[in-house]
Protein chains: 2
Amino acid sequence: MRVEYINPFISSLSNTFSIMAGVDVQREQIVMKKDSSFIHEISGVIGLSGRAAGAIVLSVSEKLALRVASKMLMTEIKEINDDVLDAIGELTNVIAGSAKSELEELHLNVSLPNVITGNSHDIRFPSNVTPICVQFSSEWGDLALEVGLEDVV
Amino acid sequence: MRVEYINPFISSLSNTFSIMAGVDVQREQIVMKKDSSFIHEISGVIGLSGRAAGAIVLSVSEKLALRVASKMLMTEIKEINDDVLDAIGELTNVIAGSAKSELEELHLNVSLPNVITGNSHDIRFPSNVTPICVQFSSEWGDLALEVGLEDVV
């Protein structure tokens with residue numbers, strides 16, 4: 001994956017959390033991911049296709065998911081339910097959709113988001129793809145974004 | 001999701017397992033999925049986008065994954081490793097790619113496959129999408145295919 005592809009996703013994530021959930025996130029480490037140590041309890045996954053093919057994973061803690069969904073739905077939610085999972089899927093969708101407009105030369109379309117739960121879940125990209133993982137922190141907890149995007153030849 | 005969209009995926013799955021893994025699968029129940037009871041231990045997920053947006057989930061037992069990967073790689077594999085997970089991702093990719101050619105009016109492109117593991121993992125579609133889940137059986141174990149695909153308006 002070309003490293004310059006990651007920046008639109010980083011800025012899109014920051015803007016999306018700020019606008020939709022009213023929380024500032026700080027970018028921490030960026031790593032070429034080789035293991036799964038950054039996966040939190042809830043992960044949104046959405047595919048991208050066009051002149052490049054790929055996927056993004058937005059992984060958040062339960063605590064962060066509850067706070068974000070409560071803010072988005074303007075009601076206090078105390079346990080993980082369908083509304084919370086839909087909110088994480090929608091954030092994933094908006095992050096991908098907003099980044100794709102900054103990568104217009106790739107003519108990307110986004111698929112539907114899936115939301116994965118399960119305390120010990122892991123999400124792998126194909127071995128021949130090295131996704132870039134960006135960790136973020138916020139006052140509500142940590143999150144991570146993983147992007148794997150390969151030019152279609 | 002239009003029910004007629006499911007048939008290309010069913011025939012694609014059967015053909016793909018027959019050709020790539022040399023195993024016949026029998027179609028069992030088809031349900032409009034409302035819960036997650038058909039998820040097995042390993043799931044491949046791939047996004048679809050174009051005039052419709054969606055995703056497919058191919059979920060298989062560990063036992064079936066080992067048998068299928070052993071056949072595809074022509075060597076006996078006894079535990080889940082990167083090669084096995086890549087094999088499930090590749091099967092997911094081929095099933096989606098082959099079905100999309102039968103749905104050419106939708107101009108679908110496929111994203112990159114992600115492979116999810118974790119004994120208790122669950123994979124949700126957005127609440128406003130009702131995916132169709134098809135269960136299959138084989139001499140090597142059970143598997144399931146879930147397809148959610150919505151026309152883009």
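Presented here is a report on the structure given in the accompanying data block. Model, not experiment: these values are computed from the prediction. (Residues numbered from 1 in each chain as written. Chains lettered and ligands numbered in written order. Predicted model: local features only at pLDDT ≥ 70, side-chain atom pairs only at ≥ 80, totals over all residues. Heavy atoms only, no water.)

**What to know about the overall build of chain A**
Which entries qualify depends on this criterion: Put simply, DSSP marks the helices as runs of H or I at least four residues long and the strands as runs of E at least two long, and each gets a number from the N terminus on. Values of the radius of gyration come from C-alpha atoms, whereas the globule rule sets the reference at 2.2 Å times the count of residues to the power 0.38. Buried residues are those whose accessible area, probed at 1.4 Å on protein chains only, stays under 20% of the maximum for their type, while exposed residues exceed 50% and partly exposed ones sit between those limits. Here, residues are in contact when the closest pair of their heavy atoms is within 4.5 Å. Note on areas: Shrake-Rupley with a 1.4 Å probe; residue coverage comes only from the protein chains shown. Positive charges come from Lys and Arg, negative ones from Asp and Glu, while His and the chain ends are left out of the count. In this description, the location of a charge corresponds to atom NZ of lysine, CZ of arginine, CG of aspartate or CD of glutamate.
Each helix and strand in chain A was counted, giving three helices and eight strands. Along chain A, helices and strands appear, N-terminal first, in the series α-β-β-β-α-α-β-β-β-β-β. Its C-alpha atoms give chain A a radius of gyration of 14 Å, near enough to 15 Å, the size a compact globule of 153 residues would have. Buried residues in chain A amount to 57% of all 153 residues. At a minimum sequence separation of 6, the contacts of chain A that also span at least 24 residues come to 71%. Of the accessible surface of chain A, which amounts to about 6,600 Å², a share of 45% is contributed by carbon and sulfur atoms. For chain A, the distance from the average position of its 11 positive side-chain charges to the average position of its 21 negative side-chain charges is 3 Å.

**Some details on the interface of chain A and chain B**
Just so we agree on the cut-off: Buried area is a sum: the accessible area each of two parts loses on coming together, probed at 1.4 Å, counted once for each and added. Salt-bridge detection follows one rule: a side-chain nitrogen of Lys or Arg within 4 Å of a carboxyl oxygen of Asp or Glu.
Across the contact, 33 residues belong to chain A and 33 residues belong to chain B. Both sides together, the interface formed by chain A and chain B hides about 2,500 Å², and carbon and sulfur atoms give 52% of it. When the area that chain A buries against chain B is broken down by residue, the three leading residues are L112, N114 and R124 of chain A, summing to 28%. Across the contact surface, chain A and chain B share four salt bridges. D82 of chain A is the salt-bridge partner of R124 of chain B, the closest N and O atoms lying 3.5 Å from each other.

**Let's talk about the nonpolar core**
Worth spelling out the cut-off: Residue types Ala, Val, Leu, Ile, Met, Phe, Trp, Tyr and Cys, when buried and joined through side-chain atoms within 4.5 Å, form a set referred to as a nonpolar core.
If you look at the biggest cluster of nonpolar residues, it comprises 44 residues, and the most contacted ones within it are F9, L13, F17, I56, L143 and L149 of chain B. When residues of this core are traced back to their parent elements, those giving at least two are α1 (6-21), β2 (42-49), β3 (52-60), α2 (62-73), α3 (82-102), β7 (132-138) and β8 (143-151) of chain B. Looking at this core element by element, the count peaks at eight residues for α3 of chain B. Apart from the residues lying within four places of it in its own chain, the contact partners of L13 of chain B are V25, L58, I95, F136, L143 and L145 of chain B. Counting residues in hydrophobic clusters, the runner-up holds 43 residues, among them A21, A65, V68 and F136 of chain A.

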